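What follows is the residue order along each chain.
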Amino acid sequence: MTLAHPVAPAGPVNGRDLCLAKLDGYPRPDGRDHYTISEVVTLTGLSAHTLRWYERIGLLEEVDRSHTGQRRYRNRDLEWLSFVNKLRLTGMSVADMVRYGELSRAGEHTVAERRELLEATREEVRSRIAALRDTLGVLDHKIGIYSGRS
């Protein structure tokens, strides 16, 4: 079962959502894209514990398993994890990320609600950027004073 994780009303192009960050150099083409948890750890920088937790809380869809029960991640899982990492950088709460994933899997009728979640996050990011710019100005001023400039 292939579920897309659209993040923009424009939708996927050629079956892929352009807003999902593509990791450079996926080692395997679609259809032969089975990655072990240790490979995903290397590709994403996430710990195995975090990957299992993401699956347990519903942030990551249930991952396909081999006949021996070993997780087999797909390119779409890697793309989703890359997007989740971007959301983490925004400061979005885990609960909101889980909600976004649920909405995404629910289908196109949830686009407006997903957009609202992303717009709220964007405003929070803009606010933090403004605060950081102000802080950077203060630091630059102090450094200038210590350097003999004012």
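The sections below set out a description of the structure shown in this document. (Residues numbered from 1 in each chain as written. Predicted model: local features only at pLDDT ≥ 70, side-chain atom pairs only at ≥ 80, totals over all residues. Heavy atoms only, no water.)

V40, L51, Y54, L60, Y73 and L81 are the most contacted members of the largest nonpolar core, which has 22 residues in total. For this core, the elements supplying multiple residues, two or more each, are α1 (37–44), α2 (48–57), α3 (75–90) and α4 (94–106). Apart from the residues lying within four places of it in its own chain, the contact partners of L81 are V40, T44, L46, L51, Y54 and L60. (Core = buried A, V, L, I, M, F, W, Y, C linked by side-chain atoms within 4.5 Å. Buried < 20%, exposed > 50% of the residue type's maximum accessible area, 1.4 Å probe, protein only. Helix = DSSP H or I, 4+ residues; strand = E, 2+ residues; numbered from the N terminus. Contact = heavy atoms within 4.5 Å.)

Moving on: the pattern of salt bridges. Side-chain pairs of opposite charge can arise whenever the charged atoms involved come near each other. Enumeration over the complete set of coordinates arrives at ten salt bridges. One salt bridge in this structure joins D64 and R72, with 2.6 Å as the shortest N-O distance. For D64, a relative accessible area of 33% translates into the label partly exposed. The closest approach of N and O atoms between D77 and R76, which form a salt bridge, is 3.8 Å. R76 shares its class with D77; the two are buried. Ionic contacts of the salt-bridge type, sharing partners, join the residues E55, R65 and R71 into one network. (Salt bridge = Lys/Arg side-chain N within 4 Å of Asp/Glu carboxyl O.)

Each full turn of the α-helix corresponds to 3.6 residues, which orients residues three or four apart in the same direction. With 13 residues, α4 should cover 18 Å at 1.5 Å per step; its first-to-last C-alpha distance of 18 Å lies within 8% of that length. Here α4 has its buried residues at M97, V98, Y100, G101, L103 and S104. Count one or two residues on from α4 and you reach G107, which has phi positive near 120 degrees. (Expected span 1.5 Å × (residues − 1).)

Following the sequence through the fold, T90 ends up in helix α3. In this structure the side chain of T90 is engaged in a polar contact, spanning 2.5 Å, whose partner is the backbone oxygen of L87. With residues near it in sequence (within four places) discarded, T90 still touches T121, V125 and R128. (Polar contact = N/O pair within 3.5 Å; in protein donor to acceptor, adjacent residues only side chain to side chain.)

The next thing to look at is the environment of S66. Relative to the assigned elements, S66 resides in the loop between β1 (64–65) and β2 (71–72). The spacing of S66 and H34 is 32 residues in sequence and 9.5 Å in space, taken between C-alpha atoms. A distance of 2.9 Å separates a polar atom in the side chain of S66 from a polar atom in the side chain of T68.

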